[in-house]
Amino acid sequence: MSQMKWKKLGKIFDPTQYKLPNNCSAFAQSPQALVFDEFVRIYFSTRAIDASGKYLSHIAFVDMEKNLQNVICVSSNTVIPLGRLGCFDEHGIFPMSVVRYGETVLGYTCGWNRRVSVSVDTAIGLAISKDNGVTFQRIGDGPVLAASLHEPCLVGDGFVRVIAGVFHMWYIFGTGWKKFSLDTTPDRTYKIGHAVSCDGINWTKEGSQIIADRLGTDESQALPTVIEINGVYHMFFCYRQSFDFRKNKDRSYRIGHASSVDLVNWTRDDEHPHLEGTPGDWDADMLCYPHAFECDGKVYLLYNGNEFGRYGFGLATLET
Amino acid sequence: MFRWEKLGKIFTPQEVDGRIWLKEFAQAPATLIFDDFVRVYFSCRPFADNAKQYVSYSAYVDLDRANLFNVLSVSKDPILKLGGLGEFDEFGTYPVSVIRHCSEVRAYYAGWTRCESVPFNVAIGVAISHDSGRTFSKLGSGPVLSYSPDEPFVLSGPKIRRFDNLWYLWYISGRKWITVNGRSEPIYKIRMASSSDGILWAKLNKDIIESRIEEDEAQASPDVFYSNGKYHMFFCYRYSRHYRSKKNGYRIGYACSTNLTDWVRDDTKVGIDLSDQGWDCEMLSYPHVFELDGKTYLAYLGNEVGRYGFGLAVLDGKLE
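Residues numbered from 1 in each chain as written. Chains lettered and ligands numbered in written order. Predicted model: local features only at pLDDT ≥ 70, side-chain atom pairs only at ≥ 80, totals over all residues.

**Let's talk about the nonpolar core**
Inference 1: In terms of nonpolar packing, the biggest core is built from 175 residues, with Leu-145 and Cys-238 of chain A together with Leu-169 of chain B touching the most fellow members.
Inference 2: Here this core gathers at least three residues from each of two domains, domain 1 (14–141) and domain 2 (145–308) of chain A.
Inference 3: With residues near it in sequence (within four places) discarded, Cys-238 of chain A still touches Ala-222, Leu-223, Tyr-253, Arg-254, Ile-255, Gly-256, Leu-287, Cys-288, Tyr-289 and Pro-290 of chain A. (Core = buried A, V, L, I, M, F, W, Y, C linked by C-beta atoms within 7 Å. Buried ≥ 20, exposed ≤ 12 C-beta atoms within 10 Å, placed from the backbone. Domains from an automatic or database assignment. Contact = placed C-beta atoms within 7 Å.)

**Looking at the interface of chain A and chain B**
Inference 1: Each partner contributes residues to the interface: chain A has 29 residues there, and chain B has 28 residues.
Inference 2: Counting residues per element, the ones that place at least two in the side of chain A that touches chain B are strand E7 (104–114) and strand E11 (166–178) of chain A.
Inference 3: Grouping the amino acids of the side of chain A that touches chain B by side-chain chemistry returns 16 nonpolar, eight polar and five charged. (Helix = DSSP H or I, 4+ residues; strand = E, 2+ residues; numbered from the N terminus. Nonpolar A, V, L, I, M, F, W, Y, C, P; charged D, E, K, R; others polar.)

**Quick look at the sheet that holds strand E4 (residues 57–64) of chain B**
Residues and elements named next belong to chain B.
Inference 1: An order of E2-E3-E4-E5 is seen for the four strands of this open sheet, with the pairing classed as antiparallel. Since the sheet does not close on itself, it has two edges, and those belong to strand E2 (24–33) and strand E5 (67–74), each with one partner. Each adjacent strand pair in this sheet contributes to an overall mean axis angle of 35°, direction not counted. (Pairing = 2+ DSSP bridges. Axes fitted to C-alpha atoms, helices over the stretch in contact; angles between N-to-C directions.)

**Let's talk about the environment of Ser-76 of chain A**
Inference 1: As for its position among the elements, Ser-76 of chain A is in the loop between strand E5 (71–74) and strand E6 (93–101).
Inference 2: Taking the C-alpha atoms as reference points, Ser-76 of chain A and Asn-22 of chain A, separated by 54 residues in sequence, lie 9.4 Å from one another.

**With respect to unusual backbone geometry**
Only a minority of non-glycine residues have a phi that is not negative, and only a minority of peptide bonds are not trans.
Inference 1: Following Phe-94 of chain A, the chain continues into Pro-95 of chain A via a peptide bond in cis, with omega recorded as -5°.
Inference 2: Residue placement: Pro-95 of chain A occurs in strand E6.
Inference 3: Cis geometry is found at the peptide bond from Tyr-94 of chain B to Pro-95 of chain B, where omega equals -5°.
Inference 4: Tracing the backbone shows Pro-95 of chain B in strand E6 (residues 92–101).
Inference 5: In this structure, Asn-181 of chain B takes a positive phi of about 50° despite not being glycine.
Inference 6: With respect to the helices, strands and loops of the structure, Asn-181 of chain B is situated in the loop between strand E11 (166–180) and strand E12 (183–195).

So, in structure tokens, the structure goes:
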């Protein structure tokens, strides 16, 4: 196989330049593409601040021309409301992974709810759009994938594809919370898992971490995205140290990569292809939340840079 | 109508010395019968902390089989540890339901966590004992039964049974949180699931007991007992609001079924109601039916949902 290389196309969307619904003013995290004939709709999570001063993540989208440089418009209304009192997605949806299914678009949400001894828990919900992804209606107040015996917390970041009639979900699960030092709040560690389903609603977890650690057991892995390229499945994700990762660029998110020919065994190889930050630029300190998709014969990678995407997302394209 | 003869309160947690974790409450009695004694599991609490918050533990009391009013001993320690930081059972293991299986005893329990917008959330865990139910180890650090699209939160009150080589779990699932005088109060309904191994569960996904006193009636403690060709369920129910009172507090209800999934509610048959005075003159809750030496007993809680212990009634006649 010829060597795959990313060609960076720079930042393509800055949320602070637009008026977004739900009083969201910054952050365009975890971009996820839905390709139409004439344009590409890119969902992202943006943030409002509630009465207590804490963030609430909301889903919004931007429609872009297929050159992926020109913005057509941003969503003017709520794409999916947050969950009801006490529900898993009451305090945020971040991210939402979209996949076409028949005439509908399925949105797999990562819902956030606040806890007391630790900051949050998450679970994965399903919402369905019958208007080409302008709005989504959840199938129920609860999640389709949540914590289980050996995946005790923080089930989230579901990425779904239907392959040979089977729904596959790559997602993350928390292995636990830990106070890494006396003067910090608890931090969590999460790993990438895999589940299958025949209907997209009832899932069977594979039940183990599928991507090897590079940084040891305190590596957190997030937001898997999978794309088939020339008969091989490639997964991109992000990974970091589990603590002191927000401001210390040496411990913050980087883009990882693994490949598989059978969707069972994955070989991690972060170097081929490798996506590198550009010194002094928007992604110099951090690279995170990748999303791979194909458009008009090209493979693209959307991703966030510094500060977890506070100032938007950028793009790279694969060269072989 | 069944004719229950009340025998009085048989266990008072305030009378137990030397256990800082057992100061108040003896809730949700569940029996395991031995040759010489009856082990009754219950859930209890230390005094509330400075923020008036409780944690709950589960323990047992051994009663003399020949005279159930003769307390032989109380467990030295809780049967389960609270969960670790951020785990679903970090702040409570209540209630618990036990069953013998081969040489083990299995416990299904509700684990409690604390939330920001509502006071708590609950999911169901499982643990195994290899010493006749004295100590249990959890099968995992996460729940064995968790949230799903139409069971969004508060999965609690498990009652584990085996019929015809299948495992059955009756439990409750939260329907919604309502706000009464600034306090969030959960509404929950009785549900069931079945399993071939007690680990992987298939939910029935429906409310199996119709609501009688109001649409938002809350139902709990679905205790199923097979007798005389029928499945009998004793449970408890309350009004949605102001239920910490005699007027709107818990009462015991009854339903029966011939196939385990279709239940006919008939509270007029239950045959047990408030006493005019004494420990059970305001509330009746958490019923548990067991047979012992040719007699059918009902263990239950009285006022203040078991703050001062549980009592017993004996059936005059048969459950049919």
